[in-house]
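Structure assessment
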Amino acid sequence: MTPIDTALEARMANAIRALAMDAVEAAKSGHPGAPMGMADVAAVLFNRFMRVDPTTHDWPDRDRFVMSAGHGSMLVYAINHMLGYDDMGMDQIRAFRQMGSRTAGHPEYGHAKGIETTTGPLGQGITTAVGMALAERMANARWGDDLVDHHTYVIAGDGCLMEGISHEAIDLAGHLRLGRLIVLWDDNGITIDGNTDLSTSTDQKARFAAAGWHVQQVDGHDREAVAAAIEAARADDRPSMIACKTVIGFGAPNKQGSHSVHGAPLGAEEIAAAREALDWPYEPFFLPDDVLNGWAAIASHGAEARANWTARLDSSKNRNEFMAAQGQPNEAALRSAIGEYCHKLVAERPKVATRKSSEMALEIVNATLPNTIGGSADLTGSNNTLTKGMQPIRSGDYSGRYIHYGIREHAMAAVMNGIALHGGFIPYGGTFLAFADYSRPAIRLGALMGVRVIHVMTHDSIGLGEDGPTHQPVEHLAALRAIPNLQVFRPADAVETAEAWEIALLSESTPSVLCLSRQNLPAVRTEDEGENRSLRGAYVLRSTPAPRDVTLIATGSEVEIALAAADLLREQRIDAAVISAPCFELFAAQDRAYRQGVLCDAPRIGIEAAIRQGWDLMLRPEDGFIGMTGFGASAPSPELYRHFDITPEAVAALARQLIEGKK
C-alpha cells in the first residue's frame, strides 16, 4: 500500500474548508460550519477508503457516500469537484445555491453525478443509507463477493440523530447486522439554537451500542485516529458508528465552535483570518496543483478498482443475470403475465377486498420479476404483501425477498428509497393508509428524487369499520395527491388492482401508492377490453345510450356505489354515466380532448369516502360531492356508509338536485 502523505492529506482537508467558506460567502447564504468541521474526517475517508470512479459514476460496486447532514452540502460539492466529476466544474462551485446550478443548498439526487441521495430533511439520509447497505447485503447474497463488495458511509450530525426516524433506522440496521454501514457522527455539540445541551442529554454512543452497533469515539481532527477507527469499523460485522469529536467551523479562529458558524457566511474579515490560520494563502476558489493531484489520485485508484470489477463481471457466469437486475424490469413479460391474469379475472369476477386483489396480483408479479423485494411494517397479514415462497431477510441471511420492517413506517419508506437508489431491486412495502402520515416525509423525498418505490396502503377508508376514526383515513388521499410526481392509485376491483401494479412497476422515475380496501368489493370490470384502462387514470366504465344527464365519478370501493346509483337513476329515466378514476395523476397527464370526452359537460358528482379536497381536477365549483366532511367513527362498515350518507340513494338524490338546478 502506498504510504500516506499526511501533510498533503491535511492540505486536501483544508481545500474542502476553503471551497466551503468561499462558496457560502459568494452565495451570501449556506452552512460552512459542518464542511469545515468534518473536512479532516472526509479527507481521510476518501483518501484512504472510498472507491469511486468519476468517469463511471454509477458502476454498481462503488462505495456509497451519504451526507445525511445535507445542509453541509458544500463538503460534497467540494469533494466531487476535486475528484474530477465532469459536471462539477469550478463554475458550479462559484454558483452555489444559485438558479440553474447543480450545487443546490442541499444535495439533490439527479442534479449531479456522485450524489447518491437527496438529503436535507434531517434523519432521512442515515435511514436511506440503511436501505443502501441492506441492498448491498441482499445483492451480495445473490451474486457473491466478486460482484458485490462495497460499503456505505454516512456523515450524520446531531440533528440527524435527534430526529425520530433515526431511532427506527438505528434499531433496524443493528437488528439486521448491516456490517457494511459506517456512520461518522459529526459530534460538534452545536445546533442552530446553540449548544446541544439546550435540548438533549442522550448518550448517543450508548444508544447505538444498545441497538447492536459497533461504537467508537475519536478526535475528528486527528486523522490517524479517524483512519484507525474506520479500519476497525470495516473489520467488524456489525454496523458501526464513529463519534468524531469536532469543532464546528474548524479553522475560523473567531467563530469556530459556536452556533454562529453553523448557517451563515463567515464574512470577509473572518475568511481572511481563516486563510491565515489554515496557512492557505490563495485567492478564493483557487486550488494548488498538489491538492488537485492528491484528489485526482483517489479518482485514479477508483478507476482501477472499477476496471478490475468490470473484468470480474465480464468473466462471471452470472453476468447477464446481474446486469438484468440493474436494468428495467422485463416489460414484455410483465405485460403478458398481467394481461393473461386480467383475462382470467374478467371471466371469474371475484368479489374480494382490493388488499386481497393486490396479493393475488403480487403472486403473478413476484413469479415474473425475480428482483422485487416485499415487506410490511408489522402488518403482513393485513397488507397481504407476502406471496408464496418468499423467505424473510434475517441477520446473516440476506437471500430472502421479504423484509419485516417492524413498526417503523417512516423508516420503511426511507429504507425502500435507499434500496431503489442502490439499484438491483424493486422494493414495495405495506402499512395502513392512515399511517401514510408517518411515511410521508420519505414518500415526498422519493417523489422528489424520482425513484421506483411502491407503497401498499390498505384499510383505505371508513370501510375498515370497527377500528374507528384513528385508523380511518379521510384526508390522506388528498395529502398524497398533493405530492408532485407521486402516483396515487385507488382501484375498484381485482382487474384495476392488477393494472395498477403493472403501471407502478413500469414507472421508472415515479413512486406509487396503492390504496386498498379491507372490505370485499364486487368485480366492476366485467368485459375483456385487452388493454390496461387504468393507464389513462380515469375512463368511462358505464356509458349511456343517449347524451348523459349526469356524470358519476368514483374511486375504489365507491365505484360500486356509483353503479348502483346509476341503476336507481335509470329507473327514473335519468341517464348517468359512471367514471372509474383509479389514478388522478395519470388522468391529469392525458390530453384535454380525452379528459373532456370522459367528463363531458353534464353535472358531475364525485364519490369517495374521503374529503373533497383535491377533486378540482374532476369537479367544477357547481358540481356535487358525496364523501366525508370530518372524521369517521367506530362501527361495522355498512353502518358507517349509511351514517355518513355515502349511499346510492344519496348520490341519486344529489344528481336529481343538480339536474333540476341546471334547468
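Report follows, based on the coordinates. (Residues numbered from 1 in each chain as written. Predicted model: local features only at pLDDT ≥ 70, side-chain atom pairs only at ≥ 80, totals over all residues. Heavy atoms only, no water.)

Scanning the protein chain from N- to C-terminus turns up 25 helices and 20 strands. For a compact globule of 663 residues, the expected C-alpha radius of gyration is about 26 Å, and the protein chain comes in at 28 Å, within 12% of that figure. Within the protein chain, residue pairs in contact and separated by at least 24 positions form 78% of the contacts whose partners lie at least 6 positions apart. On the protein chain, roughly 24800 Å² of surface is accessible, and the fraction owed to carbon and sulfur atoms is 49%. For the protein chain, the distance from the average site of its 59 positive side-chain charges to the average site of its 82 negative ones is 5 Å. (Helix = DSSP H or I, 4+ residues; strand = E, 2+ residues; numbered from the N terminus. Rg over C-alpha atoms; globule rule 2.2 N^0.38 Å. Contact = heavy atoms within 4.5 Å. Areas by Shrake-Rupley, 256 points an atom, 1.4 Å probe, with all protein chains shown as cover. Lys, Arg positive; Asp, Glu negative; His and termini not counted. Charge placed at Lys NZ, Arg CZ, Asp CG, Glu CD.)

Taken together, 6 strands build an open sheet; the order of strands is β10-β9-β11-β12-β14-β13 and the sheet is parallel. At either end of the open sheet lies a strand with only one pairing partner, and these are β10 (402-404) and β13 (487-489). For this sheet the average axis-to-axis angle between neighbouring strands, irrespective of direction, equals 20°. The sheet contact formed by β13 and strand β14 (residues 512-515) spans 3 bridges and is parallel. Each bridged residue has a counterpart across the sheet, and for Gln487 the counterpart in β14 is Ser512. (Pairing = 2+ DSSP bridges. Axes fitted to C-alpha atoms, helices over the stretch in contact; angles between N-to-C directions.)

Moving on, we get to the sheet that holds strand β18 (residues 576-580). The strand order across the open sheet formed by 5 strands is β16-β18-β17-β19-β20, and the pairing between neighbours is mixed. Each edge of the sheet is formed by a strand with only one pairing partner; in this case those strands are β16 (539-542) and β20 (624-626). Direction aside, neighbouring strands of the sheet carry axes that sit 30° apart on average. Judged from the 3 bridges that link them, strand β19 (residues 604-607) and β20 form a sheet pairing that is parallel.

On to helix α18 (residues 436-449), then. In a regular helix each residue adds 1.5 Å, so 14 residues correspond to 20 Å; α18 covers 18 Å between its end C-alpha atoms and thus fits that length. Among the residues making up α18, those that are buried are Ala436, Ser439, Ala442, Ile443, Leu445, Gly446, Ala447 and Met449. Here the buried face of α18 lies against α6 (124-143), α17 (409-422), β11 (426-432), β12 (454-458) and α19 (476-481). (Expected span 1.5 Å × (residues − 1). Buried < 20%, exposed > 50% of the residue type's maximum accessible area, 1.4 Å probe, protein only.)

Counting buried positions along strand β2 (residues 152-156) gives 5 out of 5 residues, so the element sits mostly inside the fold. On β2, burial covers both faces: Thr152, Val154 and Ala156 on one face and Tyr153 and Ile155 on the other are all buried.

This paragraph deals with the packing of helix α14 (residues 331-348) against helix α15 (residues 354-368). Running from N to C, α14 and α15 point in directions that differ by 145°, and their axes come no closer than 10 Å. Here α14 and α15 pass one another in a crossing that is right-handed. Within the contact between the two elements, α14 uses Ala333, Leu334, Ala337, Ile338, Tyr341 and Leu345 and α15 uses Ser357, Met360, Ala361, Ile364, Val365 and Thr368. Residue composition of the contact of α14 with α15, grouped by class: 10 nonpolar, 2 polar and no charged. (Left-handed = near helix turned anticlockwise from the far one by under 90°. Nonpolar A, V, L, I, M, F, W, Y, C, P; charged D, E, K, R; others polar.)

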